[in-house]
Structures are given as C-alpha cells and as structure tokens.
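Listed below are the residues making up each chain.
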Amino acid sequence: MKVPISVTVNGVTYQHEVEPRLLLVYYLRDVLGLTGTHIGCDTTSCGTCTVLMDGLAVKSCTVLAAQADGAEIVTVEGLAQDGTLHPIQEAFWEEHGLQCGFCTPGMMLTALQILERHPDPTDEQIRHGLEGNLCRCTGYQHIVNAITSAARKLREQHLPAIPRRAAAPVTGGAKEGD
C-alpha cells in the first residue's frame, strides 16, 4: 500500500504516492530525477547523500521519503539560482575543494548548515561540522578553505547560507514508478 506525500524540493512542491520503505535518496534520484544527490555507503557513514531537510543536514540514505512528507528539501541542484553559482559552489571551485567530486554535493550542503550556525566559522567549527562526511581524494584542508571563503562571500553579499526560494506550483501527482 502506497502512501501519499507532498514534498517541496528546491522550491517546487511535488505530490506522489510512494512505497512506505522508499528512502529519500531514491525518491530524489529515481522519482524526481535529481541525481546530484549521490548514493555512497547506504549506512550514513560517508555523507555523500546529505541534503537539507527543513534547514538541517540529513543523510537521505536513512530518511524515508514518507518521513519527508511536508518538508522542504534543498539538494545541490537547488543551490545555483538564475545561472549564478551559490557562493559555496564558487568557493569549492576557487579553493580546489574537490577532486573527483563524488562527495562534493554532500560536503557543500553540510557546509551550508555549518555556515547557517556559524557565519564566521573557525577551522575547528568547520572540521567538527564536517564529521560524518568523508572525502577520499582531495584532503580536507581545501574543503575547509572553501567553506571559509564561502563564509566571507556570504557576509560580503549579505546572503543567507541556505538559499530561500518562493513557493512554486505543485507538480507531480503520479505514483512512484509511473
């Protein structure tokens, strides 16, 4: 028996009927086609599937889509607006905060939660905030540099860390797998 859900993702509200055991990461990737959220370990160990749910970084491999009913979700696809990269995306590019890029979406979304809580974070606050997100190739110093750079850009541009979007029309209405 499927359950109805209504979820706002990157400012667009979707309504679907989903299998009760469907994980949020599979809903985002397979139902909505938002493949920027990567599947890594499926056990919350790596953080590559991190998204923002109601402003909190969550590992979407351990959240059921049904649990996200009524929530606002931000994925990496929701960061750039009107063709302009979000300051965290610019900073990862400029500070070489990525190599293969597999962990990058989860790192950037976790970074936004850090910056929401600490607009001028110390390296220690950044490193503590990134615990639970693994990078296997670039090393963490470039990621810390990127987050520090993004913090400076956000302050200079008087922007909130987490992008805010106006409500958009409801889309979807199909059953999962339709």
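Residues numbered from 1 in each chain as written. Predicted model: local features only at pLDDT ≥ 70, side-chain atom pairs only at ≥ 80, totals over all residues. Heavy atoms only, no water.

A. Structural context of the nonpolar core. In terms of nonpolar packing, the biggest core is built from 27 residues, with Leu79, Ile88, Phe92, Leu115 and Ile147 touching the most fellow members. The set of elements that each furnish at least two residues to this core consists of helix H2 (87–94), helix H3 (104–117) and helix H5 (140–157). Residue contacts for Leu79: discarding those within four places in its chain leaves Val74, His86, Ile88, Gln89, Met108, Leu109, Leu112, Pro163 and Arg165. The next biggest cluster of nonpolar side chains, apart from the first, holds 19 residues, and it includes Tyr27, Val58, Ala68 and Ile73. (Core = buried A, V, L, I, M, F, W, Y, C linked by side-chain atoms within 4.5 Å. Buried < 20%, exposed > 50% of the residue type's maximum accessible area, 1.4 Å probe, protein only. Helix = DSSP H or I, 4+ residues; strand = E, 2+ residues; numbered from the N terminus. Contact = heavy atoms within 4.5 Å.)

B. Region of interest: H3. A rise of 1.5 Å per residue sets the reference length of H3, with its 14 residues, at 20 Å; its end C-alpha atoms lie 20 Å apart and thus fit the reference within 8%. The set of residues buried in H3 consists of Thr104, Pro105, Gly106, Met107, Met108, Leu109, Thr110, Ala111, Leu112, Gln113, Ile114 and Leu115. Those residues of H3 hidden inside the fold are in contact with strand S3 (50–53), strand S4 (56–59), strand S5 (72–74), H2, helix H4 (123–129) and H5. (Expected span 1.5 Å × (residues − 1).)

C. How the structure looks around the environment of Ile162. Relative to the helices and strands, Ile162 resides in the loop between H5 and strand S6 (170–175). For Ile162, a relative accessible area of 7% puts it in the buried group. When the C-alpha atoms of Ile162 and Leu85 are compared, they prove to be 13 Å apart, with 77 residues separating the residues in sequence. Look past the residues within four positions of Ile162 in its chain and what remains in contact with it is Leu52, Gly55, Leu112 and Glu116.

D. Quick look at the side chain of Lys153. Relative to the helices and strands, Lys153 is located in helix H5. Within the structure, the side chain of Lys153 is placed 3.3 Å from the side chain of Glu90, a separation counted as a polar contact. Apart from residues no more than four positions distant in its own chain, Lys153 is found in contact with Pro87, Glu90 and Glu94. (Polar contact = N/O pair within 3.5 Å; in protein donor to acceptor, adjacent residues only side chain to side chain.)

E. Seen up close, the packing of H2 against H3. Between H2 and H3, whose axes approach to 10 Å, the crossing angle comes to 120°. Taken together, the axes of H2 and H3 lie oblique to each other. Like other packed secondary-structure pairs, H2 and H3 cross with a definite hand, here right-handed. Packed against H2, whose contacting residues are Ile88, Gln89 and Phe92, the element H3 presents Thr104, Met107, Met108, Ala111, Leu112 and Leu115 at the interface. (Axes fitted to C-alpha atoms, helices over the stretch in contact; angles between N-to-C directions. Parallel < 35°, antiparallel > 145°, perpendicular 65-115°, else oblique. Left-handed = near helix turned anticlockwise from the far one by under 90°.)

F. Geometry of the pairing of S3. Side-chain alternation along S3 places Thr50 and Leu52 on one buried face and Val51 and Met53 on a second face that is also buried. Pairing of S3 with S4 involves four bridges; the strand directions are antiparallel. Residue pairing across strands places Met53 opposite Leu56, the latter belonging to S4. Between S3 and S4, which pair antiparallel in sequence order, lie two residues; one of them, Asp54, sits at a positive phi of approximately 50°. Bridge count between S3 and S5: two bridges; the pairing is antiparallel. Within S5, the residue paired with Met53 across the bridge is Ile73. (Pairing = 2+ DSSP bridges.)

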